[in-house]
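Here's the letter readout for the chains.
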Amino acid sequence: MNNLFQALMDIVGEDHISNRQEELFIYSWDLGTTEPHKPDFVVSPRTTKEIQKIMELANREKIPVVPLGGGLSLAGLAVPFKGGILVDLKRMDTIIEVNEQARYALLECGVSQGQLTSYLERNHPHLTHSEPGAPPTATIAGNAAIHGQGDLSQPYGFNSDMINGLEIVLPTGEVCCFGSCSIGAGWFTQHPLPDVGLFLGWTGTTGIITKISLRLFPCKKIRGTALFVVDDEDQVPEIYYKITHTQMCEDIVAFSQTIPPYAGGLHHFTVNLAADSEKELELKQEIIFDDALGKIIQQGYGGYLGFTPGLQHPQISKTSDWRKGGGFEYVGGIMPVSQYPECYRRGKEISERHNIPYTVLGRCIGAAHAMMFSWTYAFNRSDPETIHHAREAMRETDELALELGGTIWKPGIYGQKLVMDRMDPNTLELMKKIKQLLDPNGIMNPGNWEVKS
Amino acid sequence: MSLADFEYGDIIHRCFRCGYCKFPVNWMDVNNCPAYARYRMESYSCGGRLWLTRAWLMNEIQWTDHLAHILYSCTACKNCEVKCPLGINVDILNMIRAAKKEMVEQGKIPTAARDFLESIQLHGNPYRIPKSKRGVWMDEAGIERYQGQEYLYHVGCVGAYDTRAREAAKKLGRLLQKCGVSFGALGEAEPCDGNEVNHMGEEGLFEMMVEDNISLLNSLGVKKVITLSPHSYNAIKNDYPRYGGKFRILHYTQLLEKLIEANRLNPTVEMRIKVTYHDPCFLGRWNAEYDAPRSVLKSIPGVSLVEMERNRESSLCCGGGGGNFSMDLLGGSPDSPARRRVHEALATGANILAVACPKCLIILEDAVKVEGLDDKLIVKDIAEIAAESCGIM
């Protein structure tokens, strides 16, 4: 171990490696309910070259490597279950290029959502990216790698659909580029070249993303949120379909929660609109709320609550902090929109069973092709009983998501097993072959997506 | 001490470690916590410190020199409290200070912190220089002893002893003389105000100092105090009243602003400089005084004031608070906050980096030298700029 420490220090420098109890403790914890596991070393590299050397060393020594971005998955995806080298990627935080004409940003893997949001607002105010509902410390690459979604997912899909190219360090140390960059043609398109899918959704088990080219989108002068409410969950899918048919908005989120009390049982929609003029904004509001939803409003089933200019950046919600205990976790199911009512009803039951106020949310992806439906469970970090309840609620919800015909977004170990138990055997076998090919010594984020023989 | 006995044991677990505390208001950089900026390990973030403190109190980890280093590298810059979205935000620094206090009571603090506190106890300053030398600066500047004048001019340890800061202290004294302000200073009788001692968790020593200081000032009939340092200003304004010390306190930039408004201070020399201003934490985030320093700068002929991207409540701390000016736990790296900060200043196109704090003055000037920017950027205290514009050289 001493030799390994020295070798790693030679790579990253003495300020950026630790095997002291404080760093091992902090990096052993996820922010959710996952039990902690300590790494043997924590390193914080600055360059692709350094990561390459770390991977070569780890592969030679057959020691696990766990890449960490913002560390906000809450699902324990960067907990070093089998020890090894925890690679904190956040020092690689350079915004390398923003290409205005081709509308993309080339970023190092540690660039945070907040950093890019701010950079675009200050330097390219007519461009924006799909910002997830996560704190600003979440990294762009980490979010894309777990198939995150954001506030442009309704028109443009998953954030991982917005990738033009990746630079990857393979578990064996080779650096590979995917997308147009691989032929020296810049970073403006992923297609029609060999795919980046080998590295998305694999939870860092096939390599470390070191650069990402992310698509940017027009940012109109006026952006804001319209609020709409109904009291019947069975109406929600139809409303998703009606609004998406208009193709007039940037984001549609339906949510329901116990707190505040007036909101319990109601289903609020936040509908993000963008326009370059008041005239355009008015037209969009008319098309959505008069034409598409007018009948529901006239019949008294739903109400339009107005438009608030300016988009709110993600915040810690009151329900997440309901236990006042520094902990919450959620299951995000990628679900058919038609299942919103059952997701709501069954999720509410789970929450009640575990004495947690229910908080559910469905974010529309694409033209109602799917929704990311989240069930949130707050817990108190100082009260093991509440942690136990939250963990159990999470497991029941993982099973519910699959039972209702969906799949689990960024599943933890428990959810991964449920998914693999249901997976087509040939697909599983292919996963295994790919994994063996890319990571012959099984060093990458072990414990995750492990296909049993 | 167990978690149950810890003053904040009922809330310290409430930090999610969501990371908002690392950012400035506009999210432009994840490095607005100076200790995190320097080390870039989660252990050095605000959330890391809180989680480690809790783990230590729960006996999940043991005390080590490294744990003490992590806790004491907090500069008490208050960025975390401003950015934390939770209701516990107002107690974040209280929790850190209480953890330091526990280390003090166990006698387990970094060597540099021990040396600092020992020197304060022995000499009344962190420089290990005899108290008899504390008044040299005022003799050099021809400043009167305090004898019941309207204001007591409190320069603080750095302004009294540090060669560079003394220049600023003297310039301010001469400027106040020129404006006809009735003031005096205590010279070798001036006590350390104790702000750093407080933020280093030495509560007992701090209380003793405050009580002695209040007693001294009351015995001299002091009603109004002007400070050179925002650190002194903060302690006298926010901590002394708890011990019965009630003085009308002004940071010198606030007094200069009033003098300009009253036409008693009339800068006339055309400076022809492009200036960017660095908000000191104990004037800005701690006391919400962002305008007076800018107002003074704007009133000086030939000053073009430009802002760094991180300014006002988003300002990046120079790294000198919480005793770090003396302990230097954040130095020695291109990632040191002061070295980052001078590049931000340079990026504005300014040729003068203005400060309103003697600690910032020295740390940032050192950073300019280390980064080899001497020919591009000069660090000056606002008092110096204002004095020069009044013909005081």
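Residues numbered from 1 in each chain as written. Chains lettered and ligands numbered in written order. Predicted model: local features only at pLDDT ≥ 70, side-chain atom pairs only at ≥ 80, totals over all residues. Heavy atoms only, no water.

Undergrad: I'd love a proper account of the interface of chain A and chain B, names of residues and values included.
TA: Between chain A and chain B, the residue contacts involve 45 residues of the former and 40 residues of the latter. When chain A packs against chain B, close to 3,600 Å² is buried across both sides, 60% of that on carbon and sulfur atoms. Inspection of the chain A/chain B interface yields five salt bridges. With a closest N to O distance of 2.7 Å, Asp321(A) and Arg14(B) form a salt bridge. For the pair chain A and chain B, the interface holds 20 residue pairs in polar contact (both at pLDDT 80 or more). Here the side of chain A that touches chain B is composed, by residue class, of 13 nonpolar, 18 polar and 14 charged. (Contact = heavy atoms within 4.5 Å. Buried area = accessible area lost by both parts, 1.4 Å probe. Salt bridge = Lys/Arg side-chain N within 4 Å of Asp/Glu carboxyl O. Polar contact = N/O pair within 3.5 Å; in protein donor to acceptor, adjacent residues only side chain to side chain. Nonpolar A, V, L, I, M, F, W, Y, C, P; charged D, E, K, R; others polar.)

Undergrad: How would you summarise the pairing of strand S17 (residues 359-365) of chain A if you had to cite specific residues and measurements?
TA: Residues and elements named next belong to chain A. Taken across its seven residues, S17 has six buried, putting it largely inside the fold. Here six bridges tie S17 to strand S18 (residues 370-380), and the two strands are oriented antiparallel to one another. Residue pairing across strands places Ile365 opposite Ala370, the latter belonging to S18. Here S17 folds back onto S18 in antiparallel fashion, the turn holding four residues, of which Gly366 has a positive phi close to 65°. (Buried < 20%, exposed > 50% of the residue type's maximum accessible area, 1.4 Å probe, protein only. Helix = DSSP H or I, 4+ residues; strand = E, 2+ residues; numbered from the N terminus. Pairing = 2+ DSSP bridges.)

Undergrad: Break down the domain arrangement of chain A for me, citing the residues and quoting the values.
TA: Accessible area lost during the coming together of the parts is what is often quoted as the interface size. Residue and element names in this part refer to chain A. We note that the domain assignment places domain 1 (2-88), domain 2 (95-218), domain 3 (222-309) and domain 4 (326-418) within chain A. Each partner contributes to the interface: domain 3 provides 19 residues, whereas domain 4 provides 18 residues. Seen at the junction of domain 3 and domain 4, the total is three salt bridges. Among the ionic pairs, Asp234 bridges to Arg345, the shortest N-O distance being 3.3 Å. Here domain 3 is connected to domain 4 by 11 residue pairs in polar contact (both at pLDDT 80 or more). Sorting the residues of the side of domain 3 that touches domain 4 by element identifies helix H7 (236-246) and strand S13 (251-257) as the ones contributing at least two each. It is S13 that contributes the most residues to the side of domain 3 that touches domain 4, seven residues altogether. Considered class by class, the residues forming the side of domain 3 that touches domain 4 number nine nonpolar, seven polar and three charged. (Domains from an automatic or database assignment.)

Undergrad: Give me the lowdown on the domain arrangement of chain B, citing residues and values where you can.
TA: All names here are of chain B. Taken domain by domain, chain B comprises domain 1 (3-109), domain 2 (129-258) and domain 3 (262-389). Distance between the C-alpha centres of domain 1 and domain 3: 27 Å. If you look at the interface, domain 1 gives 25 residues, while domain 3 gives 26 residues. For the domain 1 and domain 3 pair, buried surface summed over both sides reaches about 2,000 Å², with 58% attributable to carbon and sulfur atoms. Across the contact surface, domain 1 and domain 3 share 14 residue pairs in polar contact (both at pLDDT 80 or more). Taken together, the elements giving at least two residues each to the side of domain 1 that touches domain 3 come down to helix H1 (34-39), helix H3 (65-72) and helix H4 (79-83). Of the residues assigned to the side of domain 1 that touches domain 3, the class counts are 13 nonpolar, seven polar and five charged.

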